[in-house]
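# Analysis of the macromolecular model
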Amino acid sequence: MTKLFVKVKCLIIFLMVLLNACASTQIKIPKETKRIVFIGDSITYAGHYVAYVEAYLKVAHPENEYEIINIGLPSETVSGLSEVGHAGGAFPRPDAEERLQRSLDELKPELVFSCYGINDGIYLPFDENRFKAYQQGVTNLHNTVTAEGTELIHLTPPDYDGDTSQNYSAVLDQYSVWLQTQSVKQNWQVIDIHFPMQNKLQLERKVNPEFYYAKDGVHPNIEGHWQIAKALLQGLGEPVLDTFEQSIGALNPKIDAQQLYTLIKRRQSLLSDAYLTQIGHKRPRMKVGLPLPQALAAAQAIDNDIAKLFVE
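None of the values given here were measured: they were computed from a predicted structure.

With that settled, consider the overall build of the protein. Looking only at helices and strands, the protein has 11 helices and five strands in total. Relative to the compact-globule value of 20 Å for 312 residues, the protein shows a C-alpha radius of gyration of 19 Å, a close match. Dimensions of the protein along its principal axes, counting C-alpha atoms only, are 60 × 40 × 40 Å. Per-residue burial over the protein gives 51% buried out of 312 residues. Nonlocal contacts in the protein, meaning residues at least 24 apart in sequence, comprise 75% of its contacts between residues at least 6 apart. Here the protein holds 29 positive side-chain charges and 36 negative ones, and the gap between their average locations is 2 Å.

The two faces of the sheet receive side chains in turn, since in a regular strand these alternate between them. Most of strand S3 (residues 111-115) is tucked away: five of the five residues are buried. Along S3, one buried face is formed by Leu111, Phe113 and Cys115 and the opposite face, lined by Val112 and Ser114, is buried too. When strand S1 (residues 35-40) meets S3, the two strands line up parallel, connected through five bridges. Looking at S3, one finds that Ile39 is bridged to Ser114. In the sheet, S3 pairs with strand S4 (residues 151-155) via five bridges, with the strands oriented parallel.

For the rest of this paragraph, the subject is the environment of Phe211. For Phe211, the location among the structural elements is in the loop between helix H7 (194-207) and helix H8 (222-235). The sequence separation of Phe211 and Lys265 amounts to 54 residues, and the corresponding C-alpha distance is 26 Å. With residues near it in sequence (within four places) discarded, Phe211 still touches Leu201, Glu204 and Arg205.

Moving on, we get to the packing of aromatic side chains. Here the structure, examined in full by the defined rule, presents 16 aromatic pairs. Plain terms: the ring middles of Tyr123 and Tyr160 are 6.1 Å apart, the flat faces sit at 55° to each other, and that makes the pair tilted. With Tyr123 in the loop between S3 and helix H5 (128-147) and Tyr160 in the loop between S4 and helix H6 (168-185), the pair connects residues that are 37 residues apart, well separated along the chain. Tyr160 sits in the buried class, given a relative accessible area of 14%. A connected cluster of aromatic rings, assembled from ring pairs, spans Phe126, Phe131, Tyr134, Tyr175, Trp178 and Trp188.

Turning to the environment of Gly137, a few remarks are in order. Checked against the element boundaries, Gly137 lands in helix H5. Owing to a relative accessible area of 10%, Gly137 belongs among the buried residues under this scheme. C-alpha separation for the pair Gly137 and Ser79, spaced 58 residues apart in sequence, amounts to 4.6 Å.

Of all hydrophobic cores here, the largest spans 84 residues; its most connected members are Phe38, Tyr49 and Phe113. Of all the elements, helix H10 (residues 257-279) adds the most residues to this core, at 10 residues. When sequence neighbours within four positions are dropped, the list of residues in contact with Phe38 reads Thr44, Tyr49, Val50, Val53, Ile68, Ile69, Asn70, Ile71, Gly72, Phe113 and Leu232.

Within this model, the second largest pocket holds a volume of roughly 460 Å³. What lines the second largest pocket is a set of 19 residues, among which Glu54, Lys58, Tyr66, Arg267 and Asp303 lie closest to the centre. Broken down by secondary-structure element, the contributors of at least two residues to the lining of the second largest pocket are helix H3 (48-60), strand S2 (67-70), H10 and helix H11 (292-309). Looking at the lining of the second largest pocket, the element that brings in the most residues is H11, giving six residues. Residues of the lining of the second largest pocket, tallied by class, amount to 11 nonpolar, two polar and six charged.

Examined against the element boundaries, His142 turns out to sit in helix H5. Within polar-contact distance, the side chain of His142 engages the side chain of His154 at 2.9 Å. The residues contacting His142, other than those within four sequence positions of it, are Leu152, His154 and Trp188.

Moving on to the packing of helix H4 (residues 97-107) against H10. Orientation of H4 relative to H10, taken along the N-to-C sense of each, is 115°, at an axis distance of 10 Å. The interaxial crossing formed by H4 with H10 has right-handed handedness. Every residue of H10 that contacts H4 at Arg99, Arg102, Ser103, Glu106 and Leu107 is listed here: Tyr275, Leu276, Gln278 and Ile279. Of the residues that constitute the contact of H4 with H10, the class distribution is four nonpolar, two polar and three charged.

Examined against the element boundaries, Pro284 turns out to sit in the loop between H10 and H11. Residues Pro284 and Ser169, 115 residues apart in the sequence, show an inter-C-alpha distance of 28 Å.

To continue, consider the pairing of S4. With four of five residues buried, S4 is to be regarded as a mostly interior element. In the classification by handedness, the crossover that spans S3, the intervening H5 and the parallel S4 is right-handed. Here three bridges tie S4 to strand S5 (residues 189-191), and the two strands are oriented parallel to one another. If you follow His154 over to S5, its bridge partner there is Val190.

Thresholds applied
- Residues numbered from 1 in each chain as written.
- Predicted model: local features only at pLDDT ≥ 70, side-chain atom pairs only at ≥ 80, totals over all residues.
- Heavy atoms only, no water.
- Helix = DSSP H or I, 4+ residues; strand = E, 2+ residues; numbered from the N terminus.
- Rg over C-alpha atoms; globule rule 2.2 N^0.38 Å.
- Buried < 20%, exposed > 50% of the residue type's maximum accessible area, 1.4 Å probe, protein only.
- Contact = heavy atoms within 4.5 Å.
- Lys, Arg positive; Asp, Glu negative; His and termini not counted.
- Charge placed at Lys NZ, Arg CZ, Asp CG, Glu CD.
- Pairing = 2+ DSSP bridges.
- Phe/Tyr/Trp six-rings, centres within 6.5 Å; stacked < 30°, edge-to-face > 60°.
- Core = buried A, V, L, I, M, F, W, Y, C linked by side-chain atoms within 4.5 Å.
- 1 Å grid on protein atoms, 1.4 Å probe; cavity = no way out; pocket = protein on both sides within 12 Å on 5 of 7 lines; lining within 4 Å.
- Points joined across faces, edges and corners; volume = space filled by probe spheres on them.
- Nonpolar A, V, L, I, M, F, W, Y, C, P; charged D, E, K, R; others polar.
- Polar contact = N/O pair within 3.5 Å; in protein donor to acceptor, adjacent residues only side chain to side chain.
- Axes fitted to C-alpha atoms, helices over the stretch in contact; angles between N-to-C directions.
- Left-handed = near helix turned anticlockwise from the far one by under 90°.
- Right-handed = clockwise from strand over helix to strand, strands pointing away.

The structure is reproduced here in structure tokens:
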């Protein structure tokens, strides 16, 4: 480990302490919010953390009747960058800006959660130009969403759990710290999922050195998605417990947590593909969703099954 890397890591830790000290209030979802949209890359598209969040909020705050839509898109960046030979040279990474305004026009959300960054460093050592492209892309996204009068909550990048030779996790440390500083400098709403996920991973590896959240370093398994959801919910001031099942059980022991999650995940995936197809994007090899009216009807049938779980 180089002296420069140690200095950077120490600076990041110092900034994290400073940011935690400055965070005087929890982020809250405004009371009038109904439609919530998640945007991001393949981790968001996979959708497990989004389904966990919706399931928890549905049990914790059933009176709010949130409508949560996931339009994450695999491979996407917010920086507009793409490495040479991405996807074997088949296509460049899509740029979030290309579809953002159409998405807002189509969905008209009251609140957006944005989760980018893990693709934006292009899996290479830290580079100032790539970092500036990420900063500018996030700023453009912020300005576009808030110009609509829409609430926006930024999520820091998930942790990278792969080859340590490139120190890519440290690259994302810097991206995450910068994003959090905007909560102080620009009054942005930012929830950190990066460092909680990283810290939990390190704790687990003290017990089992072979432990991982992402076998390929990038795409978290189901437990990794729960760690993202847990950090997000804690950022909203929710008293989540160690596991999803424990958290749901503490709220309502009569609810079958896994059945609730399964139904919500099925409905979210159905609508995700439908809305991505309706809105349009430049990412090849994506599943073509059902026509929107048909998807909405199928989603309603799933909602009816979800409602049955809450009948005493």
